[in-house]
Structures are given as C-alpha cells and as structure tokens.
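Descriptive analysis of the structure
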Amino acid sequence: PHRLRRLHRAHDRAPDFDRGRHWAGCAGVDLIPLVASAEAKSSAPKAQYYAETVQTKEKKLTMNGTMVDLLSGYLRGDNISESKRTLGDLKNVFQDEAARAQMNPATIVYEVQSHMAVKDGTPGGLFFGTSNVMPGQVGGEYFMTKGHYHARRECGEYYWCIQGMGALILMDESGKCWFEPMQPGSLHYIPGYIAHRLANTGDTPLRVGACWPSDAGHDYASIAEHGFTARLMNVGGVPTLVQEGQA
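To keep things clear, this report deals only with the structure shown in the data block. (Residues numbered from 1 in each chain as written. Predicted model: local features only at pLDDT ≥ 70, side-chain atom pairs only at ≥ 80, totals over all residues. Heavy atoms only, no water.)

Burial within strand S7 (residues 126-133) is extensive, with six of its eight residues counted as buried. The sheet contact formed by strand S6 (residues 108-115) and S7 spans six bridges and is antiparallel. Bridge assignment links Glu 111 to a residue of S7, and that residue is Asn 132. As judged from the eight bridges shared by S7 and strand S15 (residues 206-213), these two strands associate in the antiparallel manner. Each bridged residue has a counterpart across the sheet, and for Gly 129 the counterpart in S15 is Ala 210. (Buried < 20%, exposed > 50% of the residue type's maximum accessible area, 1.4 Å probe, protein only. Helix = DSSP H or I, 4+ residues; strand = E, 2+ residues; numbered from the N terminus. Pairing = 2+ DSSP bridges.)

If you want it as structure tokens, here you go:
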C-alpha cells in the first residue's frame, strides 16, 4: 500500500504526457509508437512509419506501409501480389486425372500472397510470402501446390507453418523424395537444388510463411515435365509417400 501511494504521488507530479505514457503502458499499450507519432507530427508529417492518427479511445494504432497478421499470415498494404489455383488450373498435376476432372473446377486448391519490395530478379533482396493450401483430396492424394525448383538452383528458402497440419514434400535432382511434417510453429529450411511443394494433410487450411531471395526465380516447367518421383497419399488415414508407378 505504501509503495502504491508513492507511485500515485509520483504520477500526480509527472507532466501530462508522461502520465499518459505511464498509465497506457500499464494497460498493455505499446507507448513507443505513440511517442513516435506525436513527435513526428510536428517535425516530419509524412516520414514516420506509424500513422498520423492515433485512436486513443479504442487504444489502437493505424499503421502505414505493409502489415502481416501474425496469427494467419495474411498480408495487406503495399507491394503485395496475389494468386490462386483452382482444380481447373491443375490439369495433370494430381495422379488421378479422371477424379480431378469430375470435381468442381472452381474449387480453390491454394492461394499465395507475396510481398515484393524490390523488382523480381534483384540481387541481394528478399521476398516474403504466405501460402494457403485448402483441405481436400483428389483420388486419395492430398491437395497440394504445383511445386518448383528455383531458377537459380543454388538458392535456398525458409518455410514456417502458421496454421494447420501438412507436409513439405522435397526432392533432390537425383529424384530422391521425402517429406517433413508441418504443424504450427515448425520451421523448415529448404537448401538449394531441392524441389519443394506443400500438401495439406489436415481438415483446416494450411497456412505457411516463406522467405526467399529476390533473384531465386521459379522453375515450374521441370516439375510439369517430370513431376515428383513420389506422391503424398492418404493410406488408411496416414500421410504416406508412394513412389510413382506403385499401386
């Protein structure tokens, strides 16, 4: 109690701005953006990263630039490209083409968002993105991405699982194929010279973050022509790699 009274007396003697900083900090609000925004209004009206308006009543900050939702990986803001692939776009990607052809071609299999702060092919830069693979199967094969090598084969990449359950399917240039299970929080390093694709093995969307060199490029043609040497199938409820040609 004595300590609390001393804290209140110190608070009463503090300038208004410091009192606001103290009590907002106790309420769990990040004060450094508030300070930066207040100071920047008078000195650099358009230069600060934080927005000009601070909604103090709701204790929210509206931010400029690009934002990522850390819970879902969803991106919004500047320099973001988006694409999606439906079953109608993925002819001959799944093993059972007849089963795919009988399904609704408008069904979304996966979506990709990419934040590209530099031009594609720029040496020394990085791209950041999120893939969202829907749950589903085609003839017992899990919904998956098309897969690719990098055009510059030596380039590596990081994946990390944000939501859902899935698999990172990998193949080296000799045709050896394996996969790494994915769950929220799992981190995956993909070395150079390795083809990679995502598969959703769960019942909810698989959301995966990625970061790769801006000059890595994508080689989809090699996978379209030769494919992966194994496919991730649902075998008795267990995700299992089955070599091409095996029943």
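As a further point, take the sheet that holds strand S12 (residues 177-182). Overall, antiparallel pairing links the three strands, which are arranged S12-S11-S14 in an open sheet. Two strands close off the open sheet at either side, each with one partner strand: S12 and strand S14 (194-200). Ignoring which end each strand starts from, the neighbouring axes of this sheet average 25 degrees apart. With seven bridges connecting them, strand S11 (residues 166-172) and S14 associate as antiparallel partners. The residue bridging Asp 172 from the neighbouring strand is Ile 194, located in S14. (Axes fitted to C-alpha atoms, helices over the stretch in contact; angles between N-to-C directions.)

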